[in-house]
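Descriptive structure summary
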Amino acid sequence: MKRHIPNFITLLNVFCGCVATVFAVLNQLEFAAIFVFLGIFFDFFDGLAARLLDVKSELGVQLDSLADMITSGLVPGIVMFQLINDAVDLNIMSSWEGTLYAFPSGPFDTNSNEIHFLGFFGFIITLASAYRLAKFNIDENQVSSFIGLPTPANALLILSLPLILLYQNNEVLNEIILNQWFLIGVTLLSAFLLNSKIELFSFKLNNAGFKENGIKYLFLIGSLVLLLTMKFLAIPLIIAFYILASLVEKQFKTA
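Overview of the structure. Just so you know, these numbers come straight off a predicted model, no measurement behind them.

What follows deals with a nonpolar patch on the surface. A contiguous nonpolar patch, built from Leu 38, Phe 41, Phe 44 and Phe 45 and spanning about 370 Å² of accessible area, is present on the exposed surface. If you trace the backbone, Phe 41 turns up in helix H2 (residues 29-53).

So this is what it looks like as structure tokens:
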């Protein structure tokens, strides 16, 4: 019975991804983000459960990647599609008004049902995620570390954008994020990071010693401080901090 527990947790991740997909399609990006975060929570604990119960299996590995493809691959692509589409709408409406257009009932409601071709550019994130997950399943070098940004971390990066719009209440940030060219740049950066050769540490600890895990502990403490002080704006900074901390750790190992 216990060998099915990790797979059940993974299926909860799949369910969260399905619900997040529905909300993302409806352009209710706040709820989509909530279910993506919940799915990533289950994604972390299915692997932990498998290790604790010593029931790791090839089925679990494949199921985990399929779940990530939905929660951390498909949903971020849809979210970016919606953001770019809304940004194009905003740009058109602003040109009519001559000033920055104010959304009538929130940052994701332009009262327009028009689909702009540029929005489909956001699905490059989904394509890059699929490619990364396929590579991960056949790569034997990503046991104790990651090569390229993991799809859950990338999903957090993309889903942070609508949350920053909703909760930071900063006009400068809003203008930057709701610029279609900025969003296309983020899309390309996301695709690059997912499949880059950058080696990033994982959070699987062989022991609790500070000497071996000092960088990881400092990263976790720093991330907590950023979240408490900067709210959702902290998420992109934490991703950048993660990449920087991984590069520093690698330098210490090779020194």
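Turning next to the packing of aromatic side chains. Across all of its chains, the model carries 15 aromatic pairs by this definition. A centroid spacing of 5.9 Å and a plane angle of 20° characterise the contact between Phe 23 and Phe 35, whose relative ring orientation is stacked. Highlighted residues: Phe 23 in helix H1 (residues 5-25) and Phe 35 in helix H2, separated in sequence by 12 residues. Ring geometry for Phe 201 and Phe 219: centres 5.8 Å apart, planes at 75°, overall edge-to-face. One end of the pair, Phe 201, is in strand S2 (residues 199-201); the other, Phe 219, is in helix H8 (residues 210-230), with 18 residues separating them in the sequence. For Phe 219, a relative accessible area of 6% puts it in the buried group. By the ring-pair criterion, three or more aromatic residues cluster together here, those being Phe 41, Phe 42, Phe 44 and Phe 45.

Cut-offs used in this document
- Residues numbered from 1 in each chain as written.
- Predicted model: local features only at pLDDT ≥ 70, side-chain atom pairs only at ≥ 80, totals over all residues.
- Heavy atoms only, no water.
- Patch = residues over 30% accessible without salt bridge, like charges linked within 9 Å, V, L, I, M, F, W, Y side chains within 5 Å.
- Areas by Shrake-Rupley, 256 points an atom, 1.4 Å probe, with all protein chains shown as cover.
- Salt bridge = Lys/Arg side-chain N within 4 Å of Asp/Glu carboxyl O.
- Helix = DSSP H or I, 4+ residues; strand = E, 2+ residues; numbered from the N terminus.
- Phe/Tyr/Trp six-rings, centres within 6.5 Å; stacked < 30°, edge-to-face > 60°.
- Buried < 20%, exposed > 50% of the residue type's maximum accessible area, 1.4 Å probe, protein only.

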